[in-house]
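Summary of structural features
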Amino acid sequence: MFIQFTTQATDDVVIPDEAGKSTWTLSFGTLKAAQVMGDGQALRDGGRAVILFDLGADAVAGLKKALIVLHNYKTSEVSETSEALTKKEKLL
C-alpha cells in the first residue's frame, strides 16, 4: 500500500512560458497535481495499491483528519471482524 499526501498551496506561482516573458499557461500547483496523478497511475499500473490524502491548505489539520479517518476505518474493520467471528462461532 502506497500512501500519497498532498496539500493545497495557498499561493500558487506561475511558470513563464519563456524566460523573461510574462505569459504563462502553467503554474506550480498544476505541475504538482499532474505529478501526483502520474505517480499514482504508475504505481497502479505496476499492480500496487494507492491511497491519496489531500490535506487541504492546512497540512496539520489535514493530517489530524486523516488520522481520525484511518482510526475509524481500523476500528470498524476490527468490529466487522469480531462480528464475523461471533457469527461463525454460533454456526459451530
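Residues numbered from 1 in each chain as written. Predicted model: local features only at pLDDT ≥ 70, side-chain atom pairs only at ≥ 80, totals over all residues. Heavy atoms only, no water.

**Thoughts on the overall build of the protein**
In terms of regular secondary structure, the protein is built from two helices and four strands. Listing each helix as α and each strand as β along the protein from the N terminus yields β-β-β-α-β-α. When the 92 residues of the protein are sorted by exposure, 12% land in the buried category. Taking contacts inside the protein between residues at least 6 apart in sequence as the whole, the part at least 24 apart equals 53%. Looking at the protein as shown, the accessible area adds up to about 7500 Å², and 61% of this sits on carbon and sulfur atoms. (Helix = DSSP H or I, 4+ residues; strand = E, 2+ residues; numbered from the N terminus. Buried < 20%, exposed > 50% of the residue type's maximum accessible area, 1.4 Å probe, protein only. Contact = heavy atoms within 4.5 Å. Areas by Shrake-Rupley, 256 points an atom, 1.4 Å probe, with all protein chains shown as cover.)

**Focus on helix 1 (residues 28-45)**
Along an α-helix, residues three or four positions apart point the same way, because every turn accommodates 3.6 residues. Helix length check: helix 1 (18 residues) gives 25 Å between terminal C-alpha atoms against 26 Å at 1.5 Å per residue, within 8%. Inspection of helix 1 places Val 36, Gly 40 and Leu 43 among the buried residues, and these make up the whole buried set. The buried residues of helix 1 occupy an angular sector of 65° when the element is viewed end-on, so they sit on one face. Projecting away from the buried face of helix 1 at angles above 90 degrees are the exposed residues Met 37 and Asp 45. (Expected span 1.5 Å × (residues − 1). Arc of directions from axis to C-beta.)

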